Amino acid sequence: LGRKNSNSIVMRKLFILLLLMAVFTIAYGQDSIPEEPGPGVVSARIYTHFNYNLDPDDNPATAFEVKRAYFGYKRELDKHFSAEVKLDIGSIDDESDFALIRRYAYFKNAYLSYSTGNIKTWFGLMDMLQFKVQEKFWGYRYIYRSYMDEYRFGSSADLGAGIQYSPSEKITADLVVSNGEGYKSLQFDNVYRLGAGLTLYPTENLVIRGYYTIHTSEVHQMIFSGFLGYRYKTFRIGAEYNHQLNYNFNENYDRYGYSIYSTYTLSEKWEIFARYDQLYSNILPEDDQPWNLGNDGSAIISGIQFAPIKYVNLSLNYQDWVEYAENGSTEPYLYLNIEVVF
């Protein structure tokens, strides 16, 4: 109990320090003449798809689905302040087949941000930064989520405060303190999550990112993440490795794996892409099999994307999940994914 209380006190102090840094940044950078708020921007993003089961041993199954829809509003309050609210409409639990037929609306974002010079701060329900660089580089969120998001290494949004500092075009550092429960389960307790990241741009074509998070409790849950991405003209390739220690606050229960993905741009409207994931769990001292073997496996995603207009992306692609268990199955599907952004 003493260790847990001590950890909570440390995290609360870090949270207060982060808030003080944000307040100081705002006070230091505020102009003496206020400006009128700028016009607001309404945005929407819709993910929908059709899939076909390719497993000859299974009953052929097809389905049309609207997987997710996002609706948002962002407004520049002056040259430094802005605020955003965004709704995420989707299933309550993507892992439950029954839940997929239900739709719930969540606040994905509801925050105030302040930026001045090379510093930017956020406070409220905001996007987490642990896999934003990877997600942007992968570029096909509407087809398949990035590694840490797909395998639940961390939530994409949470309640908290964050600061990002870019001393030059070649380096960006970020620090976030959050509840750690995600935007679908906004619990209030003495458990916090601290994340720190560093992104490097050694050259115009190369990006390197390292990220570390610690989620406090009696047993710390920690994640180490590394990413390397390279672009050359019409080709890009990225690779990331992620290691989660003490999954769900269970000591010595670890998960880890990597993801490799690439894209080749054929023309302004056509792209081909491929991705390969592997997800593992460790073997506990008293066992002879990985503790999470039933969920360990590899994913293959490959296909082509066509953008008929600026606001629409269409993709015909193949997706397969291969379980590592001896009696495990495969899940091969053919997908037609559609993304609409406006």
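In what follows, the structure referred to is the one given above.
On a predicted model such as this, the values are computed, not experimentally measured, just so you know.

1. Focus: the packing of aromatic side chains
Here is step 1: The final tally for this structure, using the stated rule, is 21 aromatic pairs.
Here is step 2: Judged by centre distance (5.2 Å) and plane angle (70°), the rings of Tyr253 and Trp291 are edge-to-face. Residue Tyr253 is located in the loop between strand S11 (235–245) and strand S12 (255–265), and its partner Trp291 is located in the loop between strand S13 (270–281) and strand S14 (297–309); the two are separated by 38 residues in the primary sequence.
Here is step 3: Judged by its relative accessible area of 28%, Tyr253 falls in the partly exposed class.
Here is step 4: Following the ring pairs from residue to residue traces out a cluster consisting of Phe137, Trp138, Tyr140, Phe227, Tyr261 and Phe273.
Here is step 5: Residue placement shows Arg275 over the ring face of Trp138; its charged tip is 4.9 Å from the ring centre.

2. Here's the deal with the pairing of strand S10 (residues 221–232)
Here is step 1: Both strand S9 (residues 206–215) and S10 contribute to a ladder of 10 bridges, which runs antiparallel. When the sheet's bridge partners are listed, Thr213 is paired in S10 with Ile223.
Here is step 2: Connecting the antiparallel pair S9 and S10 is a turn made up of 5 residues.
Here is step 3: The pairing of S10 with S11 spans 11 bridges and is classified as antiparallel. Considered in S11, the bridge of Gly226 is made with Tyr241.
Here is step 4: Hairpin remark: S10 followed by S11, antiparallel, with 2 residues in the connecting loop; positive phi at Lys233, about 55°.

3. Quick look at a nonpolar patch on the surface
Here is step 1: Among the surface-exposed residues, Tyr230, Tyr232, Phe235, Ile237, Ile260, Tyr264, Leu266, Trp270 and Ile272 lie close enough to one another that they form a single nonpolar patch of about 810 Å² accessible area.
Here is step 2: Take Tyr232: it is sitting in strand S10.
Here is step 3: By relative accessible area, which is 45% here, Tyr232 ends up partly exposed.

Basis of the calculations
- Residue indices begin from 1 for each chain and proceed along its sequence in written order.
- Local features are withheld for residues below a pLDDT of 70 in this predicted model, meaning they are given only at 70 or higher, and side-chain atom pairs are given and counted only at 80 or more; totals for whole chains, interfaces and linings count all residues.
- Side-chain measures here rest on the full set of heavy atoms in the structure, leaving out hydrogens and waters.
- In summary, the pairing rule links any two rings of Phe, Tyr or Trp, Trp by its six-membered ring, whose centres are within 6.5 Å, and it sorts them by plane angle into stacked for under 30 degrees, edge-to-face for over 60 and tilted for everything else.
- Strands are runs of DSSP state E lasting at least two residues, helices are runs of H or I lasting at least four, and both sets are numbered from the N terminus onward.
- When a residue's accessible area, from a 1.4 Å probe over protein chains only, is under 20% of the maximum for its type it is buried; when over 50% it is exposed; and in between it is partly exposed.
- Only lysine NZ and arginine CZ atoms are considered, and such an atom sits over a ring when it is within 6 Å of the ring centre and within 35 degrees of the ring normal.
- Strands qualify as paired when DSSP identifies two bridges or more between them.
- Patches draw on residues past 30% relative accessible area with no salt bridge. Two like charges within 9 Å are joined, as are two nonpolar side chains (Val, Leu, Ile, Met, Phe, Trp, Tyr) within 5 Å.
- Surface accessibility follows the Shrake-Rupley procedure with a 1.4 Å probe radius. Residue values consider only the protein chains on display as shielding.
- For this document, the term salt bridge refers to a Lys or Arg side-chain nitrogen within 4 Å of an Asp or Glu carboxyl oxygen.

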